[in-house]
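# Chain and residue survey
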Amino acid sequence: MTTGTFRSLRGYNYRVWAAGALVSNVGTWMQRIGQDWLVLTQLTRHNASAVGVVMALQFGPQILLLPLTGYAADHFNRQRLLRFTQAAMGVLALGLGLLTITGVVQLWQVYAFALTLGCVTAFDAPARQTFVSELVGEEDLSNAVALNSTSFNAGRMIGPAIAGLLIAAVGTGWVFVINALSFGAVLCSLGFIRREQLHVKEWARRSRGSLTEGFRYVWRRPDLRAVLLMLFLFGTFGLNFPIYISTMTVTVFHAGAGRYGLLTSTMAIGTVIGALLAARRARPSIGLLLVAAAVFGTGLILAAFSPSYELFGAVLVFIGISAQTFTTSTNSLVQLSTEPAMRGRVVAILLAIALGGTPLGAPIVGWVADTFGPRWSLAVGAAAGFAAVLVGIGYQVRYQGLRMSIDAGRMRLRWHDDGL
């Protein structure tokens, strides 16, 4: 097996895919910033709950459509499915952009576009995640997943900064239009992929019970149950950065769109670092997830007490590293430990938990920000990180023999790690 942080890029298919994805990721993050800013400052009077509703509508379909999306990722041609979903997302971005540019956009329309986009994304995400295994093969899967995260977070670093400048210069609508054009890069990359070089595995058999096989498979695996429960807590109440950053920017630091975009890009520096570090690991462990969740919780507490815009931005870098380490390592860990024929459905469950928990957590976090202040919403995220740590420790105590002892006045941990 080859080694190196960027080893997956040696393959033609993954290299082509990564180039198109990077362009699209920049556009996607531009739209996210534009959408949040549109709702928070133009369509409402700094209403964080409205931003939470948008997030809930956009990510809710991950849960509602879970049986269908996982089934599609395992049974349909993923390359063709991605062509359809990417084109549909481009059309939606263009529609919202035109409504905004013409000055007729209303809050309910943003809600409708967010819901429709969520439905399309629910089919796109598991197909896109599992398509990576066809591009590189099993030996480089963990590296490719991490490089995908690097690309996504490079977009998070570049896109928000560009969006902030464009919003100030020409308005929010053009941000959506540019994102619509960026989907063309992914469609072109899908067209250039060499089918004869794909690592296509055996397709799952179609049967009446195949929709629920993914749930039964996960339920029989205590390791997967523990990791996915950690991810649920982490993602539902912790990964609400649009609310954290936008409300802190507007109501605490009294800054504008440019500085909001800069804060999001600053955190992306940390997420890119976290993704690159993950790319160097052959296989992550549950111990790494515990450390990442603990650092994440601690970072959010420090952010909640940050007295200045600059210090808040500096802390976001470390939060980004820990958040990306946790999410990327979870993705790699679950894919590597799942049978190829079940991978689409299990990844759909993972994504539904990571993104679909937002409809539960985002409105709550938004309400906390509106009622008690943005700093308290950060405390909710910190609590989620520490709760994930407790779940991981509980799994290790029960299934991996973790034991705590006091030796010469010092606490020592001992366990036998033979799996996740």
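Use the structure listed above.
All of these numbers come straight from a predicted model, not from anything done at the bench. (Residues numbered from 1 in each chain as written. Predicted model: local features only at pLDDT ≥ 70, side-chain atom pairs only at ≥ 80, totals over all residues. Heavy atoms only, no water.)

Take the nonpolar core next. Membership of the largest hydrophobic core comes to 81 residues, with the highest contact counts inside it found for Leu228, Met230, Phe241, Phe312, Ile319, Phe326 and Leu378. Beyond its immediate sequence surroundings of up to four residues, phenylalanine 241 is in contact with Ser246, Met267, Phe296, Ile319 and Ala323. Counting residues in each nonpolar core, the second largest holds 22 residues, with Ala72, Ala144, Val145 and Leu147 among its members. (Core = buried A, V, L, I, M, F, W, Y, C linked by side-chain atoms within 4.5 Å. Buried < 20%, exposed > 50% of the residue type's maximum accessible area, 1.4 Å probe, protein only. Contact = heavy atoms within 4.5 Å.)

Attention shifts here to the packing of aromatic side chains. Tallying each qualifying case throughout the model produces nine aromatic pairs. Taking 5.6 Å as the distance between ring centres and 75 degrees as the angle between the ring planes, the aromatic pair formed by tryptophan 17 and phenylalanine 131 counts as edge-to-face. Of the two residues, tryptophan 17 is situated in helix α1 (residues 12-43) and phenylalanine 131 in helix α6 (residues 107-136); the sequence distance between them amounts to 114 residues. Judged on exposure class, the residue tryptophan 17 and its partner phenylalanine 131 are both buried. When the centroid spacing of 5.6 Å and the interplanar angle of 50 degrees are considered together, the rings of phenylalanine 253 and phenylalanine 312 count as tilted. Highlighted residues: phenylalanine 253 in the loop between α11 (241-252) and α12 (257-279) and phenylalanine 312 in helix α14 (residues 309-336), separated in sequence by 59 residues. Phenylalanine 312 shares its class with phenylalanine 253; the two are buried. Here the aromatic residues Phe234, Phe241, Tyr244, Phe296 and Phe326 are joined through ring pairs into a cluster of three or more. (Phe/Tyr/Trp six-rings, centres within 6.5 Å; stacked < 30°, edge-to-face > 60°. Helix = DSSP H or I, 4+ residues; strand = E, 2+ residues; numbered from the N terminus.)

The next point concerns the packing of α11 against helix α17 (residues 374-399). Running from N to C, α11 and α17 cross one another at 160 degrees; their axes reach a closest spacing of 9 Å. One element, α11, and the other, α17, form an angle in the roughly antiparallel class. Every pair of crossing elements has a handedness; the one defined by α11 and α17 is left-handed. Packed against α11, whose contacting residues are Tyr244, Thr247, Met248, Thr251 and Val252, the element α17 presents Pro374, Arg375, Ser377, Leu378 and Gly381 at the interface. (Axes fitted to C-alpha atoms, helices over the stretch in contact; angles between N-to-C directions. Parallel < 35°, antiparallel > 145°, perpendicular 65-115°, else oblique. Left-handed = near helix turned anticlockwise from the far one by under 90°.)

The next thing to look at is the environment of phenylalanine 76. Within the secondary structure, phenylalanine 76 is located in the loop between α4 (66-75) and α5 (78-101). A C-alpha to C-alpha distance of 29 Å links phenylalanine 76 and threonine 236, two positions 160 residues apart in sequence.

Take the packing of α1 against helix α8 (residues 173-192) next. Pairs of packed helices are described in terms of their axes, by the angle between the two and the distance that separates them. One way to put it is that α1 packs onto α8 with a least axis distance of 8 Å and a crossing angle of 165 degrees. In terms of orientation, α1 and α8 fall into the roughly antiparallel class. In the crossing of α1 with α8, the sense of the turn from one axis to the other is left-handed. Its residues assigned to classes, the contact of α1 with α8 comprises 15 nonpolar, ten polar and no charged. (Nonpolar A, V, L, I, M, F, W, Y, C, P; charged D, E, K, R; others polar.)

Let us look at the side chain of threonine 172. Structurally, threonine 172 can be placed in the loop between α7 (141-169) and α8. Classification of threonine 172 by relative accessible area gives buried; the value is 4%. One polar contact links threonine 172 to glutamine 42, side chain to side chain, over a distance of 2.8 Å. If near-sequence neighbours (up to four positions away) are discounted, threonine 172 is found in contact with Gly34, Leu38, Gln42, Thr100 and Ile167. (Polar contact = N/O pair within 3.5 Å; in protein donor to acceptor, adjacent residues only side chain to side chain.)

On to a nonpolar patch on the surface, then. Residues Ile101, Val170 and Trp174 make up a contiguous nonpolar surface patch of about 280 Å² in total accessible area. Mapping isoleucine 101 onto the fold places it in helix α5. (Patch = residues over 30% accessible without salt bridge, like charges linked within 9 Å, V, L, I, M, F, W, Y side chains within 5 Å. Areas by Shrake-Rupley, 256 points an atom, 1.4 Å probe, with all protein chains shown as cover. Salt bridge = Lys/Arg side-chain N within 4 Å of Asp/Glu carboxyl O.)

Next up on the list: the environment of threonine 251. For threonine 251, the location among the structural elements is in helix α11. From its side chain, threonine 251 meets the backbone oxygen of threonine 247 in a polar contact 2.5 Å long.

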